Amino acid sequence: MIRFGLVLAAALGLGVTLSAEASEAPKAPAQAWPFNGPLGTYDRNDLRRGLTVYRNVCASCHSLHLVSYRHLAGVGFTEEEIKTIAAAVEVEDGPNDQGEKFSRAGRPADRFKSPFANPQAARAANNGAFPPDLSVITKARKGGPDYLYGLLTGYKNPPAGFKVLEGMNYNEYFPGHQIAMPAPLNEGGVEYPDGTKSTVQQMAHDVTTFLSWASEPEMEERKRMGLKVLMVIFVLTALLYGLKRQIWAALH
Amino acid sequence: MTPAPVWKNPIVRWIDYRLPVFSFIHHQLVDYPTPRNLSYWWNFGSLSGIVLVIMVMTGIVLAMSYTPHVDHAFDSVERIMRDVNYGWLIRYVHMNGASAFFVCVYIHLFRGLYYGSYKAPREILWIVGIVILLTMMATAFMGYVLPWGQMSFWAATVITNLFSAIPLIGEPIVAWLWGGFSIDNPTLNRFFALHYLLPFVILGLVFVHLWALHIHKSNNPVGVETKSAREEIPFHPYYTIKDLFGLGVLLFFFLCFVFFAPNMFVEPDNYIPANPLVTPAHIVPEWYLMPFYAILRAITFDIWFIPAKLIGVIAMFSSIVILMLLPWLDTSPVRSARYRPIYKQVYWIFFADCLVLGYIGASPPEGWYIPIGQIATAYYFGHFLIVMPLLGIFERPLPVPESITAAMGMPKEAGR
């Protein structure tokens, strides 16, 4: 009740400051994403490299539990590739006919395997901080992909006089500048199958593309359909306007 | 009223003799007499009705795949987005449809304010309209809660807590609304049930609204009643085609948002699953409730023994209820602002005041935002309680044309 009272007080403008998280961070600079704009699409090579970064780096702490391996078919992965990617993880299944749980290799219909069994285990392994699920991450942050890219490349030494708490890291774009996640990307941290040099910027770019797709897998279809629908409605509306003029002409 | 045509089709004739649906449709939608001078501002009533139908249809389909449970609601919405065929389209239409609905209804309402459509004999028509607005707000609020994101949860917290301001019985009422001692699964379940029910209540109210409308027919930009048959035109084809064209324009803009900026009106926080332990930095409702939220927060002081919170809640509800009294608060006999030189300006000041309130509602309650919100709130009530009654007495209206045809510069009736 006390908590609800506090919220209400804040909501009613009684001058209670609730959260230090509200402190400002600069807006992350806008990037020229290929998926921006009404015709933008996800670059397939960026996506593939981004998946590599997610699987090798992010996936050790962050789940992606709304995305299935089979969803990768939507961005050009072949059935065989998807089977291989899914089979790389062990998932718990069951109970079987004997009533026992068993583990098996992942299948395309499985969701991306979560690194921890439950939130408590996730906190225990991360110094008490909870690594958020990344399934809708670009929709869930102000600034979307730009913010994510800024965050991943925004680890700096704190300015003079800024006190970073024990176990926290300084980040230019994180609200309040203190983030529990240590800099996840390091030069050469992953080996890209296509031979691209894995700089921090490259990895941040690729994994942001991948997570943007994970957040909005429908985006390409949405934009394609939108253009067609709007063109049809535009023509139809123009015709209706002509018809309206014609019908009303009888009145004047 | 012209007599219904003799139906040629024997089946139609058979049915119509027993249940005159065809004659009813003919009288209410085909030869229904409408003033010939309605401007495009008169499109927004029918547009609101169409958006309501779109909301009901998409909502029913969404309900087939939605799970009203605190553990599954958020994921089930995302499942609709990912795994249901065209689920993303249905959901984005529904989500942005709420905004489109309020855009249409607010334009419709401000059109009524400008042309004095609430004046005798259309007071009940107007009051039913305000009741529709209130029901829409309740429906929209509960719909906002269903995805069970952070804003859903905390908006539900703030709004249900308003009722705790009621003296003595406030706390028990809040527990009763919640179905427990905190916002939890029972709350989500009942909000879903009510969110499904209320749109049908709105449909019923819309029927009453149209019933009242069809008694004295539409007001018009001149604000004088139609006096001869030549000032009226049949609804079909003249207004059916005009409404269809308007619908095309609305759909074009609406679908621009659906397809290219579907999350424009959503707080990113609502894509974070609800967490009772983490309070978002700023709890804000959807844009269409901002002005009322600003009025709620404007009251930061107790009056005698009445706590600020209670006054805020009363002010917020009063800001809508006061609209129902407008037919009596406006003392001017002239309907249309066209012939009310001072009201015409006061109208735009009031409109600007509502925009200021909306801006304040979206801003954090700190610094200059607080006094500005208070002044804007005072003006909101002053407009209705002081300006409108006095204006009718002191304003000298321009000469009002004796008829619509006179206003349109048409020659005098030459017999018909």
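If you're wondering where the values come from, they're calculated on a predicted model, not measured in any experiment.

A.B. asks: Would you mind going over the overall build of chain B in detail, with residue names and values included?
C.D. replies: Helix and strand counts for chain B stand at 16 helices and two strands. Compactness check: chain B gives a C-alpha radius of gyration of 24 Å against a globular reference of 22 Å for 416 residues, within 12% of the reference. When the backbone C-alpha atoms are referred to their principal axes, chain B occupies close to 75 × 60 × 40 Å. A burial count over chain B gives 52% of its 416 residues as buried. Within chain B, contacts between residues separated by at least 24 positions form 79% of all contacts whose residues are at least 6 apart in sequence. About 19,500 Å² of surface is accessible on chain B, with carbon and sulfur atoms providing 74% of the total. Treating the 24 positive side-chain charges of chain B as one cloud and the 23 negative ones as another, the clouds have centres 13 Å apart.

A.B. asks: So what's going on with the overall build of chain A? Which residues, and what values?
C.D. replies: Check the secondary structure of chain A and you find seven helices and four strands. Starting at the N terminus, the α and β elements of chain A follow one another as α-α-α-β-β-α-α-β-β-α-α. Taking 252 residues into account, the globule formula puts the C-alpha radius of gyration at 18 Å, and chain A, at 24 Å, lies well above it. By residue count, 40% of the 252 residues in chain A fall in the buried class. Of the contacts made within chain A by residues no fewer than 6 positions apart, 59% connect residues no fewer than 24 positions apart. Counting 26 positive and 25 negative side-chain charges, chain A places the centres of these two groups 8 Å from one another.

A.B. asks: So, the interface of chain A and chain B: which residues are in play, and what are the values?
C.D. replies: Across the boundary between the two partners, chain A contributes 49 residues, which contact 57 residues of chain B. Overall, the association of chain A and chain B removes approximately 4,700 Å² of surface from exposure, summing both partners, and the carbon and sulfur fraction of that is 71%. In this structure, the connection of chain A to chain B is made through three salt bridges. Between B:Asp83 and A:Arg70 there is a salt bridge; the shortest N-O distance is 3.3 Å. In this structure, the connection of chain A to chain B is made through 10 residue pairs in polar contact (both at pLDDT 80 or more). Put simply, the parts of the chain that give the side of chain A that touches chain B at least two residues each are helix H1 (2-11), helix H6 (200-215) and helix H7 (219-249) of chain A.

A.B. asks: Provide a residue-level description of the pattern of salt bridges, including the pertinent values.
C.D. replies: Residues and elements named next belong to chain A. Scanning all chains against the criterion turns up 23 salt bridges over all chains. For Asp-206, the salt bridge is made with Arg-49, and the minimal N-O distance between the two is 2.8 Å. Placement of the pair is Asp-206 in helix H6 and Arg-49 in helix H2 (residues 44-56), with a sequence separation of 157 residues. For Arg-49, a relative accessible area of 10% translates into the label buried. We note a salt bridge from Lys-83 to Glu-79, for which the minimum N-O separation is 3.9 Å. Residue Lys-83 and its partner Glu-79 are located together in helix H3 (residues 79-87), separated by four residues, close to a single helical turn.

A.B. asks: Could you give an account of unusual backbone geometry, naming the residues involved and the relevant values?
C.D. replies: Here the residue pair A:Gly94 and A:Pro95 is connected by a cis peptide bond, since its omega of 5 degrees sits within 30 degrees of zero. Turning to its location among the elements, A:Pro95 is positioned in the loop between strand E1 (90-93) and strand E2 (102-105). Between B:Ala120 and the following residue, B:Pro121, the backbone shows a cis peptide bond with an omega angle of 5 degrees. Inspection of the secondary structure puts B:Pro121 in the loop between helix H5 (87-114) and helix H6 (123-145). A positive phi is found at B:Trp148, a non-glycine position, where the angle reads about 55 degrees. Locating B:Trp148 in the fold gives a position in the loop between H6 and helix H7 (150-162). A positive phi angle, near 65 degrees, is found at B:Leu168, a position not held by glycine. When you line up the elements, B:Leu168 lands in the loop between H7 and helix H8 (170-178).

A.B. asks: Could you give an account of the nonpolar core, with specific residues and numbers?
C.D. replies: Core analysis: the largest hydrophobic core is formed by 121 residues, its most contacted members being B:Leu113 and B:Tyr380. The element best represented in this core is H5(B), accounting for 16 residues. Each of two domains, domain 1 (32-276) and domain 2 (284-394) of chain B, supplies a minimum of three residues to this core. Excluding anything up to four places from it in sequence, B:Leu113 contacts B:Tyr118, B:Trp126, B:Leu326, B:Tyr343, B:Tyr347 and B:Phe350. A:Ala59, A:Leu64, A:Val190 and A:Trp213 belong to the second largest nonpolar core, which has 37 residues in total.

A.B. asks: Can you explain the packing of helix H11 (residues 290-298) of chain B against helix H12 (residues 308-324) of chain B? Please cite residues and give values.
C.D. replies: All names here are of chain B. The geometry of H11 relative to H12 is characterised by a closest axis approach of 7 Å and an angle of 145 degrees between their N-to-C directions. Crossing of H11 against H12: the hand is right-handed. Along its contact with H11, which presents Phe-292, Ile-295 and Leu-296, the element H12 presents Gly-312, Val-313, Ala-315, Met-316, Ser-319 and Ile-320. By residue class, the composition of the contact of H11 with H12 is seven nonpolar, two polar and no charged.

A.B. asks: Account for the domain arrangement of chain B, naming residues and giving values.
C.D. replies: Residue and element names in this part refer to chain B. For chain B, the assigned domains read domain 1 (32-276) and domain 2 (284-394). Domain 1 and domain 2 are separated by 22 Å when their C-alpha centres are compared. With 41 residues of domain 1 at the contact, the number on the domain 2 side is 36 residues. Contact between domain 1 and domain 2 buries roughly 3,500 Å² in total, counting both sides, with carbon and sulfur atoms accounting for 70%. When residues of domain 1 are sorted by the area they lose upon contact with domain 2, Phe-110, Tyr-114 and Lys-119 head the list and together hold 20% of the total. Along the contact surface separating domain 1 from domain 2 lie two salt bridges. Of the charged contacts in the structure, one is a salt bridge between Glu-225 and Arg-335, with a shortest N-O distance of 2.6 Å.

What counts, and where the lines are drawn
Residues numbered from 1 in each chain as written. Chains lettered and ligands numbered in written order. Predicted model: local features only at pLDDT ≥ 70, side-chain atom pairs only at ≥ 80, totals over all residues. Heavy atoms only, no water. Helix = DSSP H or I, 4+ residues; strand = E, 2+ residues; numbered from the N terminus. Rg over C-alpha atoms; globule rule 2.2 N^0.38 Å. Buried < 20%, exposed > 50% of the residue type's maximum accessible area, 1.4 Å probe, protein only. Contact = heavy atoms within 4.5 Å. Areas by Shrake-Rupley, 256 points an atom, 1.4 Å probe, with all protein chains shown as cover. Lys, Arg positive; Asp, Glu negative; His and termini not counted. Charge placed at Lys NZ, Arg CZ, Asp CG, Glu CD. Buried area = accessible area lost by both parts, 1.4 Å probe. Salt bridge = Lys/Arg side-chain N within 4 Å of Asp/Glu carboxyl O. Polar contact = N/O pair within 3.5 Å; in protein donor to acceptor, adjacent residues only side chain to side chain. Core = buried A, V, L, I, M, F, W, Y, C linked by side-chain atoms within 4.5 Å. Domains from an automatic or database assignment. Axes fitted to C-alpha atoms, helices over the stretch in contact; angles between N-to-C directions. Left-handed = near helix turned anticlockwise from the far one by under 90°. Nonpolar A, V, L, I, M, F, W, Y, C, P; charged D, E, K, R; others polar.

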